[in-house]
Amino acid sequence: MSAASAEHHDHDDHHGPAPGWTRWLYTTNHKDIGTLYLLFSLVMFFIGGGMALIIRAELFQPGLQMVDPLFFNSMTTMHALVMIFGVVMPAFVGLANWMIPMMIGGPDMALPRLNNWSFWIMPFAFLLLLSTLFMEGGGPAGGWTLYAPLSLQGGDSFAFVIFSIHFMGISSVMGSINIVATIFNMRAPGMSLMKMPLFVWTWLITAFLLIAVIPVLAGAVTMLLTDRYFGTSFFSAAGGGDPVMYQHIFWFFGHPEVYILILPAFGIISSIIPTFARKPLFGYASMVYATASIAFLSFIVWAHHMFTVGMPLAGEMFFMFATMMISVPTGVKVFNWIATMWRGSMTLETPMLFAVGFLVMFTIGGLSGLMLAITPADIQYHDTYFVVAHFHYVLVPGAIYSIMAATYYWMPKWTGNMYDEKWGKIHFWVSTIFLNVLFFPMHFVGLAGMPRRIPDYSMQFADWNAVASIGAFGFGFSQLIFVYVVLKCMRGGEKATDEVWEGADGLEWTVPSPAPYHTFETPPAIR
Amino acid sequence: MNTLRKAHLVIAGKLSLLVIGMFGFGYLMVPIYNILCDITGLNGKTSSVAAVAPAEVRDTDRLVTVEFVSVVNSSAAWTFKPTQRTMQVVPGQTYNATYEVVNLTGKPAVGQAVPSVAPSSAAKYFNKIECFCFTHQEFEAGGRKEMPLIFFVEEDLPRSIDTVTLSYTYFDTGEKPAGAADS
Amino acid sequence: MSIGSRWLVALAVLVSSQQALADINMPVGVTPISKEVYGLHMMIFWICCAIGAAVFGVMFYSMFKHRKSKGAKAADFHESTTVEIIWTAVPLFILIAMAIPAAKTLIAMEDTSDAEVTIKVTGYQWKWHYEYLDSGISFFSSLHPEHNAARQVGSGADVSQFENYLKEVDRELVLPVGKKVRFLHTSADVIHSWWVPALAVKKDAIPGFINENWALIEEPGVYRGKCTELCGRDHGFMPVVVRALPEDEYLAWVEENAPAPAITEADTAASQQVAAADEDADREWAMDELMAKGEGVYNTYCSSCHQANGEGLAGAFPAIAGSAIANGPHDAHISTVYVGVAGTAMASFAAQLSDVDMAAVLTYQRNAFGNTVGDTIQPSAIKALR
């Protein structure tokens, strides 16, 4: 990359990148930090994926062949924490760093130094978290939800887990503040809110969600910490507390968190589909309103994770109806995307393939979510593999596929080189086939009665678990193709044009490929 | 540029306040939850404050079954059980019941009984005038105690409820009784 | 192929697909509620299938038809308020249609009044305790010892040889057919969840709190379930087995198992097994008797944490092999098991083990895993504590 800016501003980072590795340590450049986030997330994807493969290897056959049940529990716990906080969230923040300033015609993020800190906290938070696996007593094994009183039973590694969650929280809150400030203050003249690309909109709403709920999580885990070490009894019945209250506080964070993991994905898909359909996004305004109403609804549905704790009838009714309501704005989004494709002039390059994969499989996950909303039926589904199937369908072909689609879509802009289209398509098809082999049978075993978070199971579940494990290894190893394509594209390849995609629309396609170290130091003119 | 920098700091400052506020809100959810539970009986917890018996009973024909249940938490080595399994009560009238506890630990100990009512919607109608659950209970090694409970069920108890189950779970608080010699 | 054999093949396919269907779908169950829930589940399932077919149909049609390679020219429409209103309103009506029957079932599920039998179900790490409040019968129900041995890491057992692997217990919960049974759910340690799919009963067991649920079983049979709330290391190994008997057989079973009133009065411990074993507690036991019994008790109650080889798990559960407590004076060893250790996962086993069982397991711990104290702890020593 070469420094492109010759203009002088009172910015202290107007030169090109610093030479050597200190560039990455001290960088305040949004593109550098975006790259760091994305690479960090890729590394964590393989760590979290490795844990998933340990889980699936143990579940390949009935009987305990490999690991102790306690270690199995800590694998399920860590897999969730790593994938949520270490993969999906940092990847979205990385994309936001790269794309939001370019999309709104701003020169950089609003608070560049804060940006540097919020990234560099992450590796330390995760070193702390992963190190608990090697501590006496092992890592956290009470599930990622850390339900009291079980989570209070383990070894002293618990305190490190809580601190690492605090650090992750601080990092994402700082990142979110930065994003809100950027979107509010750094837009080019003429870039009104309702002209912003949907990725910027969804991230703005996501950032507010993060700012609102991450502190609540921090509060909940701090209460766990003081219950464990300082004699408080927020969640212990003996001292007048209530373990169910922990679940209420946790899910007050937890349900908005679910949308934090999917709203930016909606934004990405809303950028990609119009490009490859060569047709503007259908119903832009209704997309914005739908996103906002999903965010609002996310605050009043939390107890649908707790239909078996013994809530009063009125409570169960309310949370059932509120949960069902979410399918309305979500449905609007899906319909809008299909209307965008309708009578377009479509081509199916890799980003579009991933977007279509997202659309199909996210809808499957959404429909099983609708089934889960029906309280009486949820009594049977709750804490079974049906739930595992549901949230993996919305998170893997949902969040993860959107991140991959975004990578393929914007990588030519980042590196200046086209990725290898053939291997990109192979990556999509191999992943999609194995992904369904992996997750679809989980619906079956869940309905037939297999609880989640168990290391061993009865014979009746054996066949489908073997199938799922084969799918898991296939899906896991096919991600090496992704690494290959990314590395190859970073090193060279066919030069990308500035516009990259024929139907692309947006400010990021008006700058050269690769995007110069500094873009839009003079604000662009908005049509 | 300076005005822009100021604008950034204003937004960051406001959002930081929101962050602190939401952290506080997390803690505020504790009293909110407790008040909600008190008002609605959300989690089946009964009031931890002594009630006053009603002056008169309007309907003496209606009978409700009160069922007594005991649980000993794994933290404690006691036996703990109700001396009566069920009682037929007239809503509005005051009744006496007892639970018996034996401390098996061979050491002085302090216990705390935690009440819970099922169905949870009955909790706010179940009132205790006197209860061993209001305070910690101290036991000598091998000590045996009959613990009293004076209660009444409010007349407003919905007619659809014919049985009220009162459960006490005994926890060892892990404290040493005040004044007990160190063992 | 003759017509007869063709029929046979068809029948075989049908039977096996019925079997196959049972392995991939929710069981219909044997209670009015479970049947309603199954009906709801299938209704939503087909509605979702219909929505999916419509959405994907339109999408794939568009993907084949509106392709650049087929010469499709992109249209330019990107807004239509009418369309937006339609696809907001139509799903809303579908949702209301789904919500009404769901609400009805929910109301029925919550109505626990007029129950004839009440069972208190208490979750322990990692077993269930059942107490028949009406007849005073009470007992623990753990994973069957043979299954427990087979499921250990490196047991080398071929688990496919076990019928109902991990779904068999040492003592089943016996319930009557045709009577409304009320369950009271609670826990003695962490949160568990008691689930029997065929009864559509799943409720969390929360320490310090009590929850209600009910079932009316319509057909005699054996119904199996699991703990569904992560409750620690052996969460996957605490099954539920319900045996539903016709009323007369059930009453006979109660008659046979109900504790004699005198014994209940004298024996303060909750367990019926404790009561039965009480007579044995006074006599002097020989070392090999205690060792033989102790091994069984150890494998059921202790090996989950302290491991079958007594080595424990570093950092989480201390070893018994070579431990100061198991090789030390009687008092401290007895107290550890009888009282438990405050602030740790070591629970009090006073209520769970009879005098004989506790004496046996203590003796076993002192003389197994390379521990060679060589003495016995007699049941009478435990009895003296009660």
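Residues numbered from 1 in each chain as written. Chains lettered and ligands numbered in written order. Predicted model: local features only at pLDDT ≥ 70, side-chain atom pairs only at ≥ 80, totals over all residues. Heavy atoms only, no water.

1. Observations concerning the overall build of chain C
A tally of helices and strands in chain C yields 11 helices and 10 strands. For chain C, with 386 residues in total, the buried portion stands at 52%. Taking the intrachain contacts of chain C between residues at least 6 apart in sequence as the baseline, contacts between residues at least 24 apart amount to 64%. Accessible surface computed for chain C: about 16300 Å², of which carbon and sulfur atoms make up 60%. (Helix = DSSP H or I, 4+ residues; strand = E, 2+ residues; numbered from the N terminus. Buried < 20%, exposed > 50% of the residue type's maximum accessible area, 1.4 Å probe, protein only. Contact = heavy atoms within 4.5 Å. Areas by Shrake-Rupley, 256 points an atom, 1.4 Å probe, with all protein chains shown as cover.)

2. Observations concerning the overall build of chain B
When its secondary structure is counted, chain B shows 1 helix and 9 strands. Listing every helix and strand of chain B by position from the N terminus yields α-β-β-β-β-β-β-β-β-β. The globule rule puts the C-alpha radius of gyration for 183 residues at 16 Å, and the 23 Å found for chain B is more than 25% above it. Over its C-alpha atoms, taken along the principal directions, chain B stretches across nearly 80 × 55 × 25 Å. With 183 residues in all, chain B has 51% of them scored as buried. Put simply, chain B shows about 8500 Å² of open surface, and 57% of that area lies on carbon and sulfur atoms. One finds the centroid of the 15 positive side-chain charges in chain B at a distance of 13 Å from the centroid of its 17 negative side-chain charges. (Rg over C-alpha atoms; globule rule 2.2 N^0.38 Å. Lys, Arg positive; Asp, Glu negative; His and termini not counted. Charge placed at Lys NZ, Arg CZ, Asp CG, Glu CD.)

3. Brief notes about the nonpolar core
All names here are of chain A. Ranked by size, the top nonpolar core spans 245 residues in total, and within it F85, W203, W337 and W410 carry the most contacts. For this core, the element with the highest residue contribution is helix 3 (residues 69-104), accounting for 23 residues. Leave out the neighbours within four places in its chain, and W410 touches L95, M99, M103, I268, S271, E508 and W509. (Core = buried A, V, L, I, M, F, W, Y, C linked by side-chain atoms within 4.5 Å.)

4. Notes on helix 11 (residues 350-373) of chain A
The first and last C-alpha atoms of helix 11 of chain A sit 34 Å apart over 24 residues, in line with the 34 Å expected at 1.5 Å per residue. The element helix 11 of chain A is largely enclosed, with a buried count of 22 among its 24 residues. (Expected span 1.5 Å × (residues − 1).)

5. Quick word on the interface of chain A and chain C
Listed per partner, the contact involves 95 residues of chain A and 93 residues of chain C. Across the interface of chain A and chain C, roughly 8000 Å² is buried in total on both sides, 70% from carbon and sulfur atoms. The salt bridge partner of D68(A) is R233(C), with a shortest N-O separation of 2.7 Å. Going through the elements one at a time, helix 3, helix 7 (243-260), helix 10 (313-341), helix 11, helix 12 (375-381) and helix 14 (421-448) of chain A are the ones with two or more residues in the side of chain A that touches chain C. Considering each element in turn, the side of chain A that touches chain C owes the most residues, 16 residues, to helix 10 of chain A. Classifying every residue of the side of chain A that touches chain C gives 57 nonpolar, 26 polar and 12 charged. (Buried area = accessible area lost by both parts, 1.4 Å probe. Salt bridge = Lys/Arg side-chain N within 4 Å of Asp/Glu carboxyl O. Nonpolar A, V, L, I, M, F, W, Y, C, P; charged D, E, K, R; others polar.)

6. Points about the domain arrangement of chain C
Residue and element names in this part refer to chain C. Segmentation of chain C into domains returns domain 1 (24-62 + 80-109), domain 2 (117-257) and domain 3 (270-383). On a C-alpha basis, the centroid separation for the pair domain 2 and domain 3 is 25 Å. Counting residues at the interface gives 13 residues for domain 2 and 15 residues for domain 3. Across the interface of domain 2 and domain 3, roughly 1200 Å² is buried in total on both sides, 46% from carbon and sulfur atoms. Contact with domain 3 buries surface across domain 2, with S138, F140 and R233 losing the most and accounting together for 36% of the total. Here domain 2 and domain 3 share 0 salt bridges between them. Where domain 2 meets domain 3, there are 1 residue pair in polar contact (both at pLDDT 80 or more). When its residues are assigned to classes, the side of domain 2 that touches domain 3 shows 3 nonpolar, 5 polar and 5 charged. (Domains from an automatic or database assignment. Polar contact = N/O pair within 3.5 Å; in protein donor to acceptor, adjacent residues only side chain to side chain.)

7. Examining the sheet that holds strand 1 (residues 117-124) of chain C
Residues and elements named next belong to chain C. If you trace the 5 strands from one edge of the open sheet to the other, you get 3-2-1-5-8, paired in mixed fashion. Here the strands that pair on one side only, and so sit at the sheet edges, are strand 3 (138-141) and strand 8 (211-216). Along the sheet, successive strands turn relative to each other by an average axial angle of 25 degrees, direction set aside. Relative to strand 5 (residues 180-187), strand 1 is paired through 7 bridges, and the arrangement is parallel. Residue pairing for strand 5: I119 is matched across the bridge by F183. (Pairing = 2+ DSSP bridges. Axes fitted to C-alpha atoms, helices over the stretch in contact; angles between N-to-C directions.)

8. Regarding the interface of chain B and chain C
One widely used convention gives an interface's size as the accessible area the parts lose upon coming together. Residue-level contacts link 31 residues of chain B with 30 residues of chain C. Carbon and sulfur atoms make up 55% of the area that chain B and chain C hide from each other, which totals about 2300 Å². On the chain B side of the contact with chain C, S74(B), R85(B) and L104(B) bury the most area, a combined 23% of that side's loss. Applying the counting criterion to the chain B and chain C interface returns 2 salt bridges. Where E67(B) meets R182(C), a salt bridge forms, and the shortest distance between an N and an O atom there is 2.2 Å. If you look at where chain B meets chain C, you find 8 residue pairs in polar contact (both at pLDDT 80 or more). Those elements that provide at least two residues to the side of chain B that touches chain C are strand 1 (64-72), strand 2 (78-82), strand 5 (109-118) and strand 9 (163-172) of chain B. Considered class by class, the residues forming the side of chain B that touches chain C number 12 nonpolar, 12 polar and 7 charged.

9. Points about the pattern of salt bridges
In the structure shown here, the tally under the stated rule is 21 salt bridges over all chains. Residues D420(A) and K488(A) are paired through a salt bridge, measuring 2.6 Å at the closest nitrogen-oxygen approach. Here D420(A), found in the loop between helix 13 (385-415) and helix 14, pairs with K488(A), found in helix 15 (residues 462-491); they are 68 residues apart in sequence, far enough to count as distant. One network of salt bridges, with partners in common, ties together E67(B), R85(B), D134(C), R182(C) and E212(C).

10. Let's talk about the domain arrangement of chain B
Taken domain by domain, chain B consists of domain 1 (1-40) and domain 2 (43-172). Spacing between the C-alpha centres of domain 1 of chain B and domain 2 of chain B amounts to 40 Å.

11. A short note on a nonpolar patch on the surface
A contiguous nonpolar patch, built from F184(A), L193(A), M194(A), F208(A), Y289(A) and L18(B) and spanning about 520 Å² of accessible area, is present on the exposed surface. Counting through the fold element by element, F208(A) comes out in helix 6 (residues 198-229). Classification of F208(A) by relative accessible area gives partly exposed; the value is 31%. (Patch = residues over 30% accessible without salt bridge, like charges linked within 9 Å, V, L, I, M, F, W, Y side chains within 5 Å.)

12. With respect to the packing of helix 8 (residues 287-306) of chain C against helix 10 (residues 355-367) of chain C
All names here are of chain C. The interhelical angle for the contact between helix 8 and helix 10, taken along N-to-C directions, is 95 degrees, at an axis separation of 7 Å. As summarised for this structure, helix 8 and helix 10 are arranged roughly perpendicular, according to the angle between their axes. Contacts between helix 8 and helix 10 pair M287, L290, M291, K293, G294, E295, V297, Y298 and C302 from the former with V356, D357, A359, A360, V361, T363, Y364, Q365 and N367 from the latter. Along the lines of polarity and charge, the residues of the contact of helix 8 with helix 10 split into 11 nonpolar, 4 polar and 3 charged. (Parallel < 35°, antiparallel > 145°, perpendicular 65-115°, else oblique.)

13. Digging into the sheet that holds strand 3 (residues 86-89) of chain B
Strand pairing in a sheet is mediated by backbone hydrogen bonds. Such pairs are either parallel or antiparallel. Residue and element names in this part refer to chain B. Pairing within the open sheet is mixed, and its 5 strands lie in the order 3-1-9-5-7. One side of each edge strand has no neighbouring strand; the edge strands of this open sheet are strand 3 and strand 7 (137-139). The sheet shows a mean angle of 30 degrees between the axes of neighbouring strands, taken without regard to direction. Taken together, the 8 bridges between strand 1 and strand 9 define a ladder with parallel strand orientation. Directly across from V72, in strand 9, lies its bridge partner Y170.

14. Regarding the environment of H305(A)
All names here are of chain A. Summarising the element assignment, H305 is placed in the loop between helix 9 (284-297) and helix 10. Considering only alpha carbons, one finds H305 and F477, 172 residues apart in sequence, at a separation of 32 Å. Apart from residues lying up to four places away in sequence, H305 is in contact with W251, H255 and H382. Only 2.8 Å separates the side chain of H305 from the side chain of H255, close enough to count as a polar contact.

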